[in-house]
Amino acid sequence: QVQLVESGGGLVQAGGSLRLSCVVSGSVFRIHTMAWYRQVPGKQRELVASVTSDSSADYADSIKDRFTIFRDNAKNTVFLQMDSLKPEDTAVYYCNLHRPLGRDDWGQGTQVTVSS
């Protein structure tokens, strides 16, 4: 069974930076697209950024040019570097392993709070 463990969330002032990490157990990491989602209470979970197995990245318009997703296949880890954070970035951030032929795997989530 695959496990995804996120870390790096916390409280930061607007304009600050955080780096989220997600370590994936097992040997499937390098062949799958990885992504970060976020969710605030009362709203649907939204895709923030994704990175394919060959490190092609895609971003939501709301965070483009501020966030960077990248992966280290040797360490089974995907990262989300978040710069120029805004209060509206406050959310629980979830790591996702996308399985096109099955059910995706999710981490437990890590809280990011940006104060104004």
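As shown above, the structure is provided for reference.
None of these values were measured; they are calculated from a predicted model.

Reading the values: the criteria
Residues numbered from 1 in each chain as written. Predicted model: local features only at pLDDT ≥ 70, side-chain atom pairs only at ≥ 80, totals over all residues. Heavy atoms only, no water. Core = buried A, V, L, I, M, F, W, Y, C linked by side-chain atoms within 4.5 Å. Buried < 20%, exposed > 50% of the residue type's maximum accessible area, 1.4 Å probe, protein only. Helix = DSSP H or I, 4+ residues; strand = E, 2+ residues; numbered from the N terminus. Contact = heavy atoms within 4.5 Å. Polar contact = N/O pair within 3.5 Å; in protein donor to acceptor, adjacent residues only side chain to side chain. Salt bridge = Lys/Arg side-chain N within 4 Å of Asp/Glu carboxyl O. Disulfide = S-S within 2.5 Å. Pairing = 2+ DSSP bridges.

**Comments concerning the nonpolar core**
And then number 1: Of all hydrophobic cores here, the largest spans 27 residues; its most connected members are Met34, Trp36, Val78, Leu80, Met82 and Tyr93.
And then number 2: Contributing elements (two or more residues each) for this core: strand E3 (18–24), strand E4 (34–39), strand E5 (46–51), strand E7 (67–72), strand E8 (77–82), strand E9 (91–97) and strand E11 (110–115).
And then number 3: Beyond its immediate chain neighbours, meaning those up to four positions away, Leu80 contacts Leu18, Arg19, Leu20, Trp36, Val48, Ala49, Phe67, Thr68, Ile69 and Tyr93.

**Some details on the side chain of Asn73**
And then number 1: With respect to the secondary-structure elements, Asn73 resides in the loop between E7 and E8.
And then number 2: A distance of 2.9 Å separates a polar atom in the side chain of Asn73 from a polar atom in the side chain of Arg71.
And then number 3: If we ignore the near neighbours within four places in the chain, the residues touching Asn73 are Phe29, Arg30 and Ser53.

**As for the pattern of salt bridges**
A pair can form between side chains of opposite charge whenever their charged atoms are brought close.
And then number 1: Tallied over the entire structure, the rule returns five salt bridges.
And then number 2: Between Asp89 and Arg38 there is a salt bridge whose closest N-O contact spans 3.0 Å. Residue Asp89 is found in the loop between E8 and E9, and its partner Arg38 is found in strand E4; the two are separated by 51 residues along the sequence.
And then number 3: By relative accessible area, which is 0% here, Asp89 ends up buried.

**Overview of the state of the cysteines**
And then number 1: What the rule picks out here adds up to one disulfide.
And then number 2: The partner cysteine of Cys22 in its disulfide is Cys95, sulfur to sulfur 2.1 Å. As the torsion about the S-S bond is roughly -85 degrees, the Cys22-Cys95 disulfide counts as left-handed. You can see Cys22 sitting in strand E3 and its partner Cys95 sitting in strand E9, a full 73 residues away along the chain. Summarising the burial analysis for this pair, Cys22 and Cys95 share the class buried.

**Section: the side chain of Asp105**
And then number 1: Secondary-structure assignment places Asp105 in strand E10 (residues 105–106).
And then number 2: A distance of 2.5 Å separates polar atoms of two side chains, one belonging to Asp105 and the other to Arg99.

**Here we look at the pairing of E11**
For a regular strand, side-chain orientation follows a simple rule: the groups alternate between the two sheet faces.
And then number 1: Judged by which residues are buried, E11 turns out to be one-sided: Thr110, Val112 and Val114 face inward and are buried, whereas Gln111, Thr113 and Ser115, on the alternate face, are not.
And then number 2: Relative to E11, strand E2 (residues 10–13) is paired through four bridges, and the arrangement is parallel. Paired with Leu11 across the two strands is Thr113, which belongs to E11.
And then number 3: Sheet analysis places E9 next to E11, joined by three bridges and oriented antiparallel. Looking at the pairing, Tyr93 lines up with Thr110 of E11.

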